[in-house]
Amino acid sequence: MDNYKIIFSGPVGSGKTTAIDSISDIPPVKTEAKASDEIKQVKDNTTVAMDYGMMKLDNGDVVHLYGTPGQERFDFMWEILTQGGIGLILLIDNTNPSPFTELSKFLMAFSDFIDSTDIVIGITRSDLCPNPTTTDYHAHFGETISHIPLFTVDARSRSDMAMLIEALLFSAESLQI
Ligand SMILES: Nc1nc2c(ncn2[C@@H]2O[C@H](COP(=O)(O)OP(=O)(O)OP(=O)(O)O)[C@@H](O)[C@H]2O)c(=O)[nH]1
Ligand SMILES: [Mg+2]
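Residues numbered from 1 in each chain as written. Chains lettered and ligands numbered in written order. Predicted model: local features only at pLDDT ≥ 70, side-chain atom pairs only at ≥ 80, totals over all residues. Heavy atoms only, no water.

1. Details of the packing of aromatic side chains
Scanning the entire structure with this criterion turns up six aromatic pairs. Where Tyr-52 meets Tyr-66, the ring centres are 5.1 Å apart and the plane angle is 55°; that geometry is what we call tilted. One end of the pair, Tyr-52, is in strand 3 (residues 45–56); the other, Tyr-66, is in strand 4 (residues 62–67), and 14 residues separate them in sequence. The same class applies to Tyr-52 as to Tyr-66, namely buried. Measuring from ring centre to ring centre gives 6.3 Å for Phe-106 and Phe-110, while their planes differ by 15°; the resulting arrangement is stacked. In this structure, Phe-106 and Phe-110 share a single accessibility class: buried. Linked through ring pairs, Trp-78, Phe-106 and Phe-110 together constitute an aromatic cluster. Taking NZ or CZ as reference, Lys-5 lies 4.7 Å from the ring centre of Tyr-66, over its face. (Phe/Tyr/Trp six-rings, centres within 6.5 Å; stacked < 30°, edge-to-face > 60°. Helix = DSSP H or I, 4+ residues; strand = E, 2+ residues; numbered from the N terminus. Buried < 20%, exposed > 50% of the residue type's maximum accessible area, 1.4 Å probe, protein only. Lys NZ or Arg CZ within 6 Å of the ring centre and 35° of its normal.)

In structure tokens, the structure reads:
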């Protein structure tokens, strides 16, 4: 039996806590606090340290799921949480006024981890804001993300989250982790 650690990150409200809720086989451990006024317009709570969940694969392997806080003032947790991880699932909220800027920011912040492991991008909340499309993301970022699996997903959907994890494990296996 193998154990893997995967990290969910991305901006505030992109669905990291929701994603782990959707896919975890155990009730997740959350560290949420009441959101400040700015965030409160979108949701009541925000992650201040981490989320933790886990899922068992059919072959008996266990995938440990860690969610980071989205707020940059808690970014000291990002490096702590990536340690020992085999890959990153980056969730980007498509309703953000500048989703490209948000994606750039997180690709930069996690660049060392991405360089040494693997990454999958999930574009969330596209049902609320269909643009930019995945084609627009590829057109804007070109080579930078051409090798990265990128999907439109709903963090509330277990099957969508399972697809992201499968894509990440598939990429990681091809790197022979
Ligand atoms: N309509 C819609 N809502 C979504 C989708 N994905 C996530 N959500 C909702 O968006 C919100 C995301 O909130 P969280 O999961 O707390 O976001 P987070 O990334 O953990 O945010 P922080 O912890 O503050 O960084 C929740 O209310 C979800 O139900 C989606 O694809 N469509
Ligand atoms: Mg959260």
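2. Quick look at the pairing of strand 3
Here strand 2 (residues 29–34) runs beside strand 3; their pairing, made up of five bridges, is antiparallel. Bridging across to strand 3, Lys-34 finds its partner in Asn-45. Here strand 3 runs beside strand 4; their pairing, made up of six bridges, is antiparallel. The residue of strand 4 that forms the bridge with Tyr-52 is Tyr-66. (Pairing = 2+ DSSP bridges.)

3. Details of the coordination of the magnesium ion (ligand 2)
Coordination sphere of the magnesium ion (ligand 2), protein contribution only: Thr-17 (OG1) and Thr-47 (OG1), at 2.0 to 2.1 Å. In this pair, Thr-17 is assigned in helix 1 (residues 16–23) and Thr-47 in strand 3, connecting sequence segments 30 residues apart. Taken individually, Thr-17 and Thr-47 each receive the classification buried, so the pair is uniform in this respect. (Donors = N, O, S within 2.8 Å, 3.2 Å for Na, K, Ca; no water.)

4. Some words on the pattern of salt bridges
According to the stated counting rule, one finds seven salt bridges in the structure shown. Residues Asp-154 and Arg-156 are paired through a salt bridge, measuring 2.6 Å at the closest nitrogen-oxygen approach. The class for Asp-154 is partly exposed, based on a relative accessible area of 22%. Residue class for Arg-156 comes out exposed when judged on its relative accessible area of 58%. (Salt bridge = Lys/Arg side-chain N within 4 Å of Asp/Glu carboxyl O.)

5. So, the environment of Asp-75
As for its position among the elements, Asp-75 is in the loop between strand 4 and helix 3 (76–82). Overall, the relative accessible area of 38% leaves Asp-75 in the partly exposed class.

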